[in-house]
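Listed here are the chains, written in short residue letters.
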Amino acid sequence: MSAALAEVRARIAAAARAAARDPAAVTLVAVSKTHGAERVEELLQAGQRVFGENRVQEAQAKFPGLKTRYPDLELHLIGPLQTNKARDAVALFDVIESVDRPKLAAELAREMVRQGRRPACFVQINTGEEEQKAGVAPGEADAFIRACIEEHKLPVVGVMCIPPADEEPALHFALLAKIAARNGLKQVSMGMSADYETAVRFGATHVRVGSALFGARGPVPA
Ligand SMILES: *Cc1c(COP(=O)(O)O)cnc(C)c1O
């Protein structure tokens with residue numbers, strides 16, 4: 001698996017250089033959902049420190065022990081967050097990439113004050129305006145980002161998207177980068193195993209890569 005890690009890192013670096021970007025400006029988020037703690041630890045031993053999980057409960061089962069042993073581990077929540085899980089999410093995650101509605105923003109803000117912990121936040125944008133997908137519509141992005149920062153006082157650092165599976169991702173990446181720029185946000189989370197090099201060319205600061213690192217996913221653990 002460390003061979004896969006080396007290859008993904010090399011491809012990210014090459015894509016960055018081809019776009020005249022500093023490879024160090026792109027963070028690889030290793031998406032470990034469905035894979036056990038021992039697979040995560042293999043990557044930790046190979047030097048990887050940033051991980052992504054899409055379910056709070058699954059991350060709670062896997063990461064507290066690893067975080068104790070690797071204090072510089074950085075854990076990102078990349079999946080939809082139910083409001084009633086905001087407390088657990090604030091307690092465990094270092095970055096929450098899926099802030100996408102006012103009620104959740106308010107609850108995260110309340111929990112951050114209560115716990116004295118401030119995970120960095122990304123606003124998720126539904127760039128393809130897909131019915132079944134989380135995220136705010138592009139047309140509502142600027143107002144929602146402003147509300148998160150000014151009204152809820154959330155530490156918003158960037159935006160995130162998951163493009164429609166059957167469309168050219170480049171258009172979505174360009175749109176997300178534009179939304180980040182016009183809102184003065186520096187971080188842009190986009191690109192997965194199939195398209196992370198394209199995402200880097202379009203300005204991704206975070207690429208979320210699962211299967212290219214860990215292989216195919218099994219069933220979601222109970
Ligand atoms: C699973 C997942 C990924 C990683 O997908 P791969 O295609 O396996 O790289 C990235 N982002 C999100 C939000 C995911 O849920």
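Above this text is the structure in question.
Attention here is on the structure that accompanies the text. (Residues numbered from 1 in each chain as written. Predicted model: local features only at pLDDT ≥ 70, side-chain atom pairs only at ≥ 80, totals over all residues. Heavy atoms only, no water.)

Along its length, the protein carries nine helices and eight strands. Summarising its shape, the C-alpha atoms of the protein cover approximately 45 × 40 × 30 Å along the three principal directions. Relative to its full complement of 222 residues, the protein shows a buried share of 50%. Excluding contacts between residues fewer than 6 apart, the proportion of contacts in the protein whose partners are at least 24 apart in sequence is 59%. Of the accessible surface of the protein, which amounts to about 10100 Å², a share of 52% is contributed by carbon and sulfur atoms. (Helix = DSSP H or I, 4+ residues; strand = E, 2+ residues; numbered from the N terminus. Buried < 20%, exposed > 50% of the residue type's maximum accessible area, 1.4 Å probe, protein only. Contact = heavy atoms within 4.5 Å. Areas by Shrake-Rupley, 256 points an atom, 1.4 Å probe, with all protein chains shown as cover.)

Take the pattern of salt bridges next. Taken as a whole and assessed by the stated rule, the structure comprises 16 salt bridges. A salt bridge links Arg49 to Asp72; the nearest nitrogen and oxygen atoms lie 3.0 Å apart. Of the two residues, Arg49 sits in the loop between helix H2 (37-45) and strand S2 (50-53) while Asp72 sits in the loop between helix H3 (56-69) and strand S3 (74-77), which places them 23 residues apart along the sequence. Of the charged contacts in the structure, one is a salt bridge between Asp94 and Arg117, with a shortest N-O distance of 3.6 Å. Here Asp94 is found in the loop between helix H4 (86-92) and strand S4 (95-99), whereas its partner Arg117 is found in the loop between helix H5 (102-115) and strand S5 (120-124), with 23 residues between them in sequence. The partly exposed category is assigned to Arg117, whose relative accessible area is 27%. Beyond isolated ion pairs, a larger network of salt bridges with shared partners links Glu53, Arg55, Glu58 and Lys62. (Salt bridge = Lys/Arg side-chain N within 4 Å of Asp/Glu carboxyl O.)

Looking now at the nonpolar core. Among the nonpolar cores identified, the biggest contains 60 residues, and Leu108 and Val207 are the most heavily contacted of them. If near-sequence neighbours (up to four positions away) are discounted, Leu108 is found in contact with Leu81, Ala86, Val90, Ile96, Val99 and Leu154. With five residues, the next largest nonpolar core counts Val31, Ile78, Phe122 and Met160 among its residues. (Core = buried A, V, L, I, M, F, W, Y, C linked by side-chain atoms within 4.5 Å.)

Right, let's get into the state of the cysteines. Applying the stated rule across the entire model yields zero disulfides. Lacking any disulfide linkage, Cys121 is separated from the closest cysteine sulfur, that of Cys148, by 7.5 Å. (Disulfide = S-S within 2.5 Å.)

With that settled, the discussion passes to the side chain of Asp195. Secondary-structure assignment places Asp195 in the loop between strand S7 (187-189) and helix H8 (196-201). Buried charged residue Asp195 carries no salt bridge. Nearest counter-charge: Arg208, at 7.3 Å. If we ignore the near neighbours within four places in the chain, the residues touching Asp195 are Pro169 and Phe173. (Lys, Arg positive; Asp, Glu negative; His and termini not counted.)

Its 17 residues give helix H1 (residues 2-18) an end-to-end C-alpha distance of 24 Å, which sits within 8% of 24 Å, the value for a rise of 1.5 Å per residue. Here H1 has its buried residues at Ala4, Leu5, Val8, Ile12, Ala13, Ala15 and Ala16. Close packing links the buried residues of H1 with strand S1 (27-31), H2, H8, strand S8 (206-209) and helix H9 (211-214). After H1 finishes, the residue Ala20 shows a positive phi value of roughly 55°. (Expected span 1.5 Å × (residues − 1).)

The next subject is the packing of aromatic side chains. Here the structure, examined in full by the defined rule, presents one aromatic pair. For the ring pair Phe51 and Phe63, a centre distance of 6.1 Å and an interplane angle of 50° mean the geometry is tilted. Remark: Phe63 occurs in helix H3 and Phe51 occurs in strand S2; sequence separation between them is 12 residues. (Phe/Tyr/Trp six-rings, centres within 6.5 Å; stacked < 30°, edge-to-face > 60°.)

In this section: helix H6 (residues 138-151). With 14 residues, H6 should cover 20 Å at 1.5 Å per step; its first-to-last C-alpha distance of 20 Å lies within 8% of that length. Among the residues of H6, those classed as buried are Pro138, Ala141, Phe144, Ile145 and Cys148. Contacts made by the buried residues of H6 are with S4, H5, S5, strand S6 (156-160) and helix H7 (169-182). Trailing H6 by a residue or two, Lys153 shows a phi angle of about 60°, which is positive.

Before going further, it helps to examine the site of the ligand. Within the structure, the ligand sits among Val31, Lys33, Ile78, Ile162, Met192, Ser193, Arg208, Val209, Gly210, Ser211 and Arg217. Within the side chain of Lys33, one N or O atom sits 2.7 Å away from an oxygen atom of the ligand. About the coverage of the ligand: the protein hides 89% of its 390 Å² of free accessible area. (Near = heavy atom within 4 Å. Polar contact = N/O pair within 3.5 Å; in protein donor to acceptor, adjacent residues only side chain to side chain.)

To continue, consider the packing of H6 against H7. Following both chains from N to C, one finds H6 and H7 inclined at 30°, their axes separated by 10 Å at the closest point. Of the possible angle classes, the one that applies to H6 and H7 is roughly parallel. As for the relative orientation of H6 and H7, their crossing is right-handed in sense. Taken together, the residues of H7 that come into contact with H6 (itself represented by Pro138, Ala141, Asp142 and Ile145) are Leu175, Ile179 and Arg182. (Axes fitted to C-alpha atoms, helices over the stretch in contact; angles between N-to-C directions. Parallel < 35°, antiparallel > 145°, perpendicular 65-115°, else oblique. Left-handed = near helix turned anticlockwise from the far one by under 90°.)

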